[in-house]
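# Structure assessment
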Amino acid sequence: GLGLSASNVKEFFTNTHKYTKADQVVITEEINKIDISSDIREFNIIAVSQDQITIDYYQEEDEKFEVTTDNNELKIEQKQKNKIFNFGFSSSKYRVVDIKVPLDIKLEVNIKSSTGSIRIKNSNLLDLKINTSTGSVYLDNIDLNNLDVGVSTGDIKITKLIALNANLKTSTGN
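A short tour of the structure in this document, coming up. Because the structure is a prediction, the values reported are computed rather than measured. Sequence order as written defines residue numbering, which begins from 1 separately in each chain. Since the coordinates come from a predicted model, pLDDT governs what is reported: local features require at least 70, and pairs of side-chain atoms require 80 or more to be given and counted, while whole-chain, interface and lining totals use all residues. Heavy atoms throughout the structure, all of them, feed into the side-chain values; hydrogens and water do not.

### Side note on the overall build of the chain
The condition is simple: A run of H or I in DSSP counts as a helix once it spans at least four residues, and a run of E counts as a strand once it spans at least two, with each numbered from the N terminus. In this description, contact between two residues means that some pair of their heavy atoms is separated by no more than 4.5 Å. Accessible surface area values rest on a Shrake-Rupley calculation with a 1.4 Å probe, where residue burial reflects the displayed protein chains alone.
Each helix and strand counted, the chain has 2 helices and 14 strands in total. Of the contacts made within the chain by residues no fewer than 6 positions apart, 49% connect residues no fewer than 24 positions apart. Carbon and sulfur atoms form 46% of the exposed surface of the chain, whose accessible area is close to 9,900 Å².

Dropping the structure here:
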């Protein structure tokens, strides 16, 4: 026989052992634009009572995850390394990137995601552009000038939105 125990089977199908909590990233310079590009992550952007932008996430051993700042722009890039056989499933807490921004900050935010939901809450933004292939977009208590959301497979859910211009598109979803 193969001698496959239940714990070995669980280990084969979960990737939680491949994640480690990354040190919190604190952005001290002035930022007016956030640009996010991601293969497989969920992003929460929440305005809170603090002075800097902070980023909390778990690092997966088989991915590229970079946070850089240049010319008042914060860039977050996450790419999966090519895997032919990836049977693993990981808890959603390991895929979430929490970005906390000061309450009074005025930002332009651009998010391009292949797989993963986007949540933005209590933010006073200039412009917000979200394009995701598979994943839902949740906007709660947002005040902005221009909103452009495109979702291929997933829902767009909005609570308390003030926008001068809004463009919402979904192929499969609500």
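From this point, the discussion proceeds with the structure in view.
### Some points on the pairing of strand β10 (residues 108-115)
Note the threshold: The pairing criterion is simple: DSSP has to find at least two bridges between the two strands.
Of the strand pairs in this sheet, strand β3 (residues 33-40) and β10 are connected by 7 bridges, and their pairing is parallel. Directly across from K33, in β10, lies its bridge partner E108. Summarising the sheet, β10 and strand β12 (residues 127-134) pair through 7 bridges and their orientation is parallel. By the bridge assignment for β12, T115 is matched with T134.

### Some words on the side chain of E63
Definition in use: Counting of polar contacts relies on pairs of N or O atoms within 3.5 Å, with two restrictions inside protein: one atom must be capable of donating a hydrogen and the other of accepting it, and residues adjacent in sequence are counted only when both atoms are side-chain atoms.
Structurally, E63 can be placed in strand β7 (residues 63-70). Engagement of the side chain of E63 in a polar contact is seen with the side chain of R41, the distance being 2.5 Å. Here E60 takes part through its backbone nitrogen, which lies 3.0 Å from a polar atom of the side chain of E63. For E63, the residues in contact, after removing those within four places along its chain, are R41, Y58, Q78, K79, Q80 and K81.

### Some details on the packing of aromatic side chains
Note the following rule: For Phe, Tyr and Trp, rings pair up if their centres lie within 6.5 Å, where Trp contributes its six-membered ring, and each pair is then called stacked (planes under 30 degrees apart), edge-to-face (over 60) or tilted (otherwise). Throughout, exposure labels follow a simple rule: accessible area from a 1.4 Å probe, protein chains only, divided by the maximum for the residue type, with under 20% read as buried, over 50% as exposed, and the rest as partly exposed. Lysine NZ or arginine CZ positioned within 6 Å of the ring centre and within 35 degrees of the ring normal marks a charge as sitting over the ring.
Taken as a whole, this structure holds 3 aromatic pairs when the rule is applied. Centre to centre, the rings of Y57 and F65 are 3.9 Å apart; their planes meet at 15°, and the pair counts as stacked. The exposure class assigned to Y57 is buried, which follows from its relative accessible area of 8%. Centre to centre, the rings of Y58 and Y94 are 4.8 Å apart; their planes meet at 80°, and the pair counts as edge-to-face. Of the two residues, Y58 sits in strand β6 (residues 58-60) while Y94 sits in helix α2 (residues 92-95), which places them 36 residues apart along the sequence. Assigned by exposure class, Y58 and Y94 land together as buried. What links up through ring pairs into an aromatic cluster is the set Y19, Y58 and Y94. Cation over ring: K21 sits above Y58, and NZ or CZ is 5.4 Å from the ring centre.

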